[in-house]
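So you can see what is in the structure, the chains are spelled out below.
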Amino acid sequence: FDMFILAFVERIFRPTFRKDDFVLGKKLGEGAFGVVYRVSLAKNPSDKKEGDLVLKKATEYGAVEIWMNERVRRACANSCADFMYGFLEKSSKKGDGEYWLIWKFEGEATLADLMQSKEFPYNVERMILGEGQQLPKGLERENRIIQTIMRQLLFALDSLHSTGIVHRDIKPQNIIFSEGSRTFKIIDLGAAADLRVGINYIPKEFLLDPRYAAPEQYIMSTQTPSAPSAPVATALSPVLWQMNLPDRFDIYSAGLIFLQMAFPAMRTDSGLIQFNRQLKRCDYDLVAWRKTVEPRASSDLRKGFELLNLDEGIGWELLTSMVRYKARQRTSAKAALAHPYFNREGLLALSLVQ
Ligand code: ADP
Ligand code: MG
């Protein structure tokens, strides 16, 4: 109840905004469910030319996305982009109006942008540390950078999952590098589900990105009869969570990102799609996949295996505990963070930040 009062008071004293308060800048993205712009406040034009806020104009799913962002803001603020405000803009023409969502502009680059660069992962190292790293270029150093990115991603996922939220659209395009905190944060809660209160409970499988989706596709097993109404869901969902482990859906996607970071060839769409096809042919058995590709591996693939083989193969071990066919056999974000792969020191700045 206290939490409710606090949330209420916070909501009243937080600044509220209307459509006319914003000046639109560059378009950052456009999906089936909304358009994203960089914007600034009209009465307070920022010194940054493009503006220091981000606006998403969303269609019907905007309401859920506002709800998720409000919840994240209170429960696990640092794991996602800094949300400021959301409202329904009743437009003159379109009957239902649009939902407007406002965040702080976190930075220029998503993990997808950074992974596309030939310099990856050294470009990320530079962004986290500023300059200067004593290790010579090579696998050891790349592994350290990738380990740091994975730790930040799993850290954010662990706090989302502990809050009861499954993201369902974890992919490099939805991971932004926050220039302020020098860490990666999660964005785009448009497909997220909050199982504790039954919001967006019914799987919207058509929202899922097939390149990163776990084989089960649906979050809850088909044995879950139907979405209980909100109060019932509150009472039941911890049990359902235990039974169905919906958080493991995100873990699979995070495992694919780990894989893409280790194997440059899988950073392209076609490379990832080809891998998905191969893995499916091996019945989603990563060890079987390795056996089929390693004997005739290109130098690029060999480099990836070498990186994952460092320190008696703990990287490979972690990867295989994330990318598994059965959700219940996949590790959780919390358990993954305790994996020996993370025992080694990552990039120094990280230990200062977290
Ligand atoms: P979509 O539904 O179009 O995928 P996203 O929420 O993923 O919407 O945002 C689209 C793009 O806008 C992101 O890929 C990212 O490049 C940029 N973006 C979104 N939120 C922020 C933010 N808080 N700071 C900086 N860039 C952002
Ligand atoms: Mg997105």
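Below you will find a few notes about this structure. (Residues numbered from 1 in each chain as written. Chains lettered and ligands numbered in written order. Predicted model: local features only at pLDDT ≥ 70, side-chain atom pairs only at ≥ 80, totals over all residues. Heavy atoms only, no water.)

For side chains of opposite charge, pairing can occur when their charged atoms come near one another. According to the stated counting rule, one finds 22 salt bridges in the structure shown. Its salt-bridge partner being K56, residue D188 comes within 3.2 Å of it at the nearest N-O pair. Within this pair, whereas D188 is found in the loop between β8 (183-186) and β9 (193-194), its partner K56 is found in strand β3 (residues 53-58), the two being separated by 132 residues in sequence. By relative accessible area, D188 is classed as partly exposed at 24%. A residue is classified by how much of its surface remains accessible, and K56, at 12% relative accessible area, is buried. The partner of R290 in a salt bridge is E294, with the nearest N and O atoms 3.0 Å apart. Bridged by salt links that share partners, the residues D169, K171, D209, R211 and D269 form one connected network. (Salt bridge = Lys/Arg side-chain N within 4 Å of Asp/Glu carboxyl O. Helix = DSSP H or I, 4+ residues; strand = E, 2+ residues; numbered from the N terminus. Buried < 20%, exposed > 50% of the residue type's maximum accessible area, 1.4 Å probe, protein only.)

On to the coordination of the magnesium ion (ligand 2). Protein coordination of the magnesium ion (ligand 2) is provided by N174 (OD1) and D188 (OD), with donor distances spanning 2.2 Å. Linking N174 in the loop between β6 (165-166) and β7 (175-178) with D188 in the loop between β8 and β9, this pair joins segments that are 14 residues apart in sequence. (Donors = N, O, S within 2.8 Å, 3.2 Å for Na, K, Ca; no water.)

Here D250 is to be found in helix α7 (residues 248-262). Lacking a salt bridge, the buried D250 has R168 as its closest oppositely charged neighbour, with an N-O distance of 7.2 Å. Polar contacts involving the side chain of D250 include one to the main-chain amide nitrogen of R168, which spans 2.8 Å. Other than its neighbours up to four places away in sequence, D250 contacts L157, H161, V166, H167, R168, D169 and I170. (Lys, Arg positive; Asp, Glu negative; His and termini not counted. Polar contact = N/O pair within 3.5 Å; in protein donor to acceptor, adjacent residues only side chain to side chain. Contact = heavy atoms within 4.5 Å.)

Examined against the element boundaries, L157 turns out to sit in helix α5 (residues 139-163). Linking L157 and D250, residues 93 residues apart in sequence, is a C-alpha distance of 7.9 Å. Not counting residues within four places of it along the chain, the set of residues in contact with L157 comprises I170, I186, D250, A254 and A333.

Over its 24 residues, helix α10 (residues 299-322) runs only 25 Å from end to end, short of the ideal 34 Å by more than 12%, given 1.5 Å per residue. The largest bend in α10 is about 125°, located at E312. (Expected span 1.5 Å × (residues − 1). Bend = angle between axes of the 7 residues up to and from the residue.)

Looking now at the sheet that holds strand β5 (residues 98-104). Across the sheet, 5 strands lie side by side as β1-β2-β3-β5-β4; this open sheet has antiparallel pairing. Strand pairing shows two members of the sheet lacking a second neighbour, β1 (22-31) and β4 (83-89), which therefore form its edges. On average, each strand axis in the sheet is tilted by 25° relative to the strand beside it, whichever way the strands run. The pairing of strand β2 (residues 34-41) with β3 spans 6 bridges and is antiparallel. Note that in β3 the partner of Y37 across the bridge is L55. (Pairing = 2+ DSSP bridges. Axes fitted to C-alpha atoms, helices over the stretch in contact; angles between N-to-C directions.)

Moving on, we get to the site of ligand 1. Taken together, 17 residues form the shell around ligand 1, and within it K56, K104, E106, N174 and D188 come nearest. E106 is positioned such that a nitrogen or oxygen atom in its backbone is 2.9 Å from a nitrogen atom of ligand 1. One of the side-chain N or O atoms of D188 is found 2.9 Å from an oxygen atom in ligand 1. For ligand 1, the accessible surface in isolation is 540 Å², of which the surrounding protein chains cover 83%. When residues of the shell around ligand 1 are traced back to their parent elements, those giving at least two are β1, β3 and β5. Its residues assigned to classes, the shell around ligand 1 shows 8 nonpolar, 5 polar and 4 charged. (Near = heavy atom within 4 Å. Areas by Shrake-Rupley, 256 points an atom, 1.4 Å probe, with all protein chains shown as cover. Nonpolar A, V, L, I, M, F, W, Y, C, P; charged D, E, K, R; others polar.)

Turning next to the side chain of D247. Positionally, D247 belongs in the loop between α6 (230-244) and α7. Within the structure, the side chain of D247 is placed 2.6 Å from the side chain of R248, a separation counted as a polar contact.

On to unusual backbone geometry, then. Note the cis peptide between F120 and P121, where omega equals 5°. One can find P121 in the loop between α3 (111-116) and α4 (122-129). For D311, which is not a glycine, the phi torsion comes out positive at approximately 50°. Within the fold, D311 resides in helix α10. One non-glycine residue, E312, lies in the positive phi region at around 60°.

Take the pairing of β4 next. Of all 7 residues that make up β4, 6 are buried, and the element is covered over most of its length. Alignment of β4 against β5, held across 6 bridges, turns out to be antiparallel. Bridge pairing in β5 links F87 to W100.

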